[in-house]
Amino acid sequence: MILSNMLPPFSEGLAALMAPIPVLATVVAEDSPIILSGVLLTLVVIYLASKFGAEVARRLDFPPVLGELVAGVIVGVSALHLVIFPEGGLSASDSVIMTALQSLNQLAPDALTRIFESQSEVISVLAEIGVIILLFEIGLESDLRQLKEVGIQATVVACVGVAAPFAAGTAGLMMFFHVAAIPAIFAGAALTATSIGITSKVLSELGQLKSKEGQIIVGAAVIDDVLGIIVLAVVASLAKTGEIDVANVIYLIVSATAFLIGSILLGGVFNKSFVAIVEQLKTRGNIVIPAFIFAFFMAFLGNAIHLEAILGAFAAGLVLDETDARNELDELIKPIADLLVPIFFVTVGARADLGVLNPTVPENRAGLLIATFLIAVAIIGKLITGWAAFGLSGINRFAIGVGMIPRGEVGLVFAGIGSASGILDKPLEVSIIIMVILTTFLAPPFLRVAFGSSTNSIPEPITPVEAASE
């Protein structure tokens, strides 16, 4: 409850990643042990699913995060009904875990519903904290020094890589599929992301990380993350009002930009204060606790000025990336992220009802067409970025475009927030998730082809620490 009050969801929509806050306040005392049992069982299922999915994906040479997403689909509403949430119109009787608790405790129907809603809220709060930590980690991964070195070409590539798929996706959904403006904008925003981790690892294995193409790809991917977070802040805030207010959009863009730039410019002050505090603390957690205090406070500030909590967490990561304790902080955050971030990815998959893409159901065919359209825009919108790298001769423009294709975990963040907010209907939500999966799968082998490599295996995605060391 304290976290819910102090760190409001990064859109009113992501409050749907949780059940309504008053539920826990109305829980009767005798329900508490059973709610705890439900939470513990659900976490057992989530962790088993995430680890199994990640390991299978790893052995198949696919990114582990996609294994977590697919595992979430299996344990969620699309298959096993082990991890489900009430906001999709589902009841406690649809949950296998709730059915088990009912048989063990002989619960009345109203008590079971109460417990189901409260247990779902707790899991959703943990997922929300997980995504805040994820964006903090992404901020730490986005190296500002590298960002300054890659030059104007990477900036232009990044801007084209954000603007082209966003405009084409939004306009196409509205014109061809008659999707309402706000959902179309959200889906278009999901097309803007680029996963720096996967691309960096492939470039490193190919020996192309220090090439002109590699520097442009990695630099543009870093800028893409920054632009993508700003776009996410704008569209998530638009979702709160349900209408497009041009003045509000301009305010949000200026505010988000000023917030990020201001945080970065004041980074030296923050860094010195952070280092001074760390040096004075002698007990366990002397680095990681101050880091999370800073990240959560920045998340609070981002939300307080009508932006998003995740923007503040991302800015905190960018700032602390410049500290001397950065490498140690990376290592300390990894086990915390390993504990909480999979909850977010599994719940994103668990909420995705793949049944809406069953072609035998006539009303589902529109969703399949939307998925095909989004995949085409996602690929073409990034491929053209290679030809935006002006002023350089003899570079592999196709490789630059292919390197920008994978959406990775940032694309899933967009899908999760849009779904939780109720902005995206089920066909559009699942279409975005399929787009993220396919673009992330396709990019590594095509990047090898673009650089003329005969290697056939797809590597393990790079970790934030590995990305920093590269």
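Residues numbered from 1 in each chain as written. Predicted model: local features only at pLDDT ≥ 70, side-chain atom pairs only at ≥ 80, totals over all residues. Heavy atoms only, no water.

What follows concerns the overall build of the protein chain. A tally of regular secondary structure across the protein chain gives 21 helices and 0 strands. Residues counted as buried form 56% of the 470 residues belonging to the protein chain. Put simply, of all contacts in the protein chain between residues at least 6 apart along the chain, 79% involve residues at least 24 apart. A total accessible area of about 18700 Å² is found for the protein chain, and carbon and sulfur atoms account for 67% of it. (Helix = DSSP H or I, 4+ residues; strand = E, 2+ residues; numbered from the N terminus. Buried < 20%, exposed > 50% of the residue type's maximum accessible area, 1.4 Å probe, protein only. Contact = heavy atoms within 4.5 Å. Areas by Shrake-Rupley, 256 points an atom, 1.4 Å probe, with all protein chains shown as cover.)

Glancing now at the packing of aromatic side chains. Counted by the stated rule, this structure contains 7 aromatic pairs. Ring plane angle 55° and centroid distance 5.4 Å describe the contact between phenylalanine 270 and phenylalanine 294, whose orientation is recorded as tilted. One end of the pair, phenylalanine 270, is in helix α13 (residues 267–280); the other, phenylalanine 294, is in helix α14 (residues 288–304), and 24 residues separate them in sequence. Three or more aromatic residues joined by ring pairs form one cluster here, namely Phe136, Phe292 and Phe296. One cation-aromatic arrangement involves arginine 351 over phenylalanine 85; the distance from NZ or CZ to the ring centre is 3.8 Å. (Phe/Tyr/Trp six-rings, centres within 6.5 Å; stacked < 30°, edge-to-face > 60°. Lys NZ or Arg CZ within 6 Å of the ring centre and 35° of its normal.)

So, about helix α3 (residues 32–59). The terminal C-alpha atoms of α3, which comprises 28 residues, lie 40 Å apart, in line with the 40 Å expected from a rise of 1.5 Å per residue. Aspartate 61 occupies a position one or two residues after α3 and carries a positive phi of about 65°. (Expected span 1.5 Å × (residues − 1).)

To continue, consider the nonpolar core. Residues Leu135, Phe136, Leu173, Leu374 and Ile432 are the most contacted members of the largest nonpolar core, which totals 115 residues. Among the elements that line this core, the one with the most residues is helix α6 (residues 109–141), at 15 residues. Among residues more than four places away in sequence, those in contact with leucine 135 are Ile229, Ile310, Ala313, Phe314 and Val413. Judged by nonpolar contacts, the second largest core, of 21 residues, contains Ala158, Ile217, Ile223 and Ile400. (Core = buried A, V, L, I, M, F, W, Y, C linked by side-chain atoms within 4.5 Å.)

Bringing the environment of leucine 104 into the picture now. As for its position among the elements, leucine 104 is in helix α5 (residues 96–105). For the pair leucine 104 and isoleucine 34, spaced 70 residues apart in sequence, the C-alpha separation works out to 9.9 Å.

Here the focus is the environment of glycine 76. Tracing the backbone through its elements, the reader meets glycine 76 in the loop between α4 (64–75) and α5. Taking the C-alpha atoms as reference points, glycine 76 and isoleucine 46, separated by 30 residues in sequence, lie 9.8 Å from one another. Those residues within four positions of glycine 76 in sequence are excluded, and the remaining contacts are His81, Val83, Ile84 and Ala350.

Pairs can form between side chains of opposite charge whenever their charged atoms are close. Summed over all chains, the structure comprises 3 salt bridges. Note that glutamate 55 and arginine 59 form a salt bridge whose closest N and O atoms lie 2.5 Å from each other. Linking glutamate 55 with arginine 59, this pair stays in helix α3, spanning 4 residues, or about one helical turn. Of the residues examined, arginine 59 reaches a relative accessible area of 63% and is grouped as exposed. Residues glutamate 331 and lysine 334 are paired through a salt bridge, measuring 3.9 Å at the closest nitrogen-oxygen approach. Placement of both glutamate 331 and lysine 334 in helix α16 (residues 326–351) is noted, with a separation of 3 residues, approximately one turn of the helix. A residue is classified by how much of its surface remains accessible, and glutamate 331, at 41% relative accessible area, is partly exposed. For lysine 334, a relative accessible area of 27% puts it in the partly exposed group. (Salt bridge = Lys/Arg side-chain N within 4 Å of Asp/Glu carboxyl O.)

Looking now at a nonpolar patch on the surface. Together, Leu438, Leu442, Phe446 and Val449 make up a nonpolar patch on the protein surface, roughly 330 Å² of accessible area in all. Position of phenylalanine 446 relative to the elements: it lies in helix α20 (residues 426–450). (Patch = residues over 30% accessible without salt bridge, like charges linked within 9 Å, V, L, I, M, F, W, Y side chains within 5 Å.)

Here the focus is the environment of asparagine 358. Here asparagine 358 shows up in the loop between α16 and α17 (365–383). The exposure class assigned to asparagine 358 is partly exposed, which follows from its relative accessible area of 31%.

Let us look at the packing of α4 against α16. Between two packed helices, what matters for the description is the angle formed by their axes and the separation of those axes. At a closest axis distance of 6 Å, the pairing of α4 and α16 adopts a crossing angle of 50°. Our classification of the angle between α4 and α16 gives oblique. α4 and α16 meet at a crossing whose hand is right-handed. Residues Val65, Glu68, Leu69, Gly72, Val73 and Val75 of α4 touch α16, and the partners they reach there are Pro342, Phe345, Val346, Val348, Gly349 and Ala350. Taken together, the residues that form the contact of α4 with α16 break down as 9 nonpolar, 2 polar and 1 charged. (Axes fitted to C-alpha atoms, helices over the stretch in contact; angles between N-to-C directions. Parallel < 35°, antiparallel > 145°, perpendicular 65-115°, else oblique. Left-handed = near helix turned anticlockwise from the far one by under 90°. Nonpolar A, V, L, I, M, F, W, Y, C, P; charged D, E, K, R; others polar.)

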